[in-house]
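Remarks on the overall topology
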Amino acid sequence: MPESWWGNAIFSLVPTIVLGLIFWMIMRMIIRGDRTARLKYDQVEAEERAKAGLPPRTIHRGQTADETTADPLAVRAADDPPGAVPDGRSRA
């Protein structure tokens, strides 16, 4: 264990920072994997519906599943009130 003040500070902060980075990377991988799986599922479902001769699935306000896979934020953008900024907060 280091005897100097700076050595103790670094020795105590480094494990916390490393664990925080590991947690962030794991959460990022989980969220990206879920997003990718949902997009792939929508694509497969659209292909199967087309093979079966069914119309495209309506997601929200007349959008089809194919349109939402092209723009994953389309459903959320349609739900936002007028004047909302992209992160979901209102400008008021």
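Residues numbered from 1 in each chain as written. Predicted model: local features only at pLDDT ≥ 70, side-chain atom pairs only at ≥ 80, totals over all residues. Heavy atoms only, no water.

Some words on the packing of aromatic side chains
The cut-off we apply is this: Any two of the Phe, Tyr and Trp rings considered here, Trp counted by its six-membered ring, make a pair once their centres fall within 6.5 Å; the pair's planes then place it as stacked at under 30 degrees, edge-to-face at over 60, or tilted in between.
All told, the structure shown has one aromatic pair when counted by the stated rule. Taken together, a centroid distance of 4.9 Å and an interplanar angle of 90 degrees make the contact between W5 and W6 edge-to-face.

Considering helix 1 (residues 5-52)
This is how it is decided: The numbering of helices and of strands both runs from the N terminus, where a helix is a DSSP run of H or I of at least 4 residues and a strand a run of E of at least 2. The span expected for a helix works out to 1.5 Å for each residue beyond the first. Only protein chains enter the area calculation, which uses a 1.4 Å probe; residues under 20% of their type maximum are buried, those over 50% are exposed, and those in between are partly exposed. We call two N or O atoms a polar contact when they sit within 3.5 Å, provided that within protein one can donate a hydrogen and the other can accept it, with sequence-adjacent residues counted only if both atoms are side-chain atoms.
Compared with an ideal rise of 1.5 Å per residue, which puts 48 residues at 70 Å, helix 1 spans 71 Å between its outermost C-alpha atoms and is within 8% of the ideal. All of the buried residues along helix 1 are G7, A9, D42 and A46. If you check the start of helix 1, you find a side-chain oxygen 3.1 Å away from the backbone N of G7, and it comes from S4.

Quick word on the confidence of the model for the protein chain
Inclusion rule: Confidence per residue, as judged by the predictor, is encoded in pLDDT with a range of 0 to 100.
Overall, the prediction assigns the protein chain a mean pLDDT of 79, with 62% of residues at 70 or greater. Ranking the elements of the protein chain by mean pLDDT puts helix 3 (residues 74-79) last, at 50, and helix 1 first, at 95.

Quick word on the pattern of salt bridges
Inclusion rule: A pairing counts as a salt bridge when a side-chain nitrogen of Lys or Arg comes within 4 Å of a carboxyl oxygen of Asp or Glu.
If you walk through the whole model with that rule in mind, you get four salt bridges. Notably, a salt bridge pairs K51 with E48, separated by 3.6 Å at the nearest N-O pair. In this pair, K51 and E48 both sit in helix 1, three residues apart, roughly one turn of the helix. Residue class for K51 comes out exposed when judged on its relative accessible area of 66%. Sharing partners across several salt bridges, the network here consists of D42, E45 and R57.

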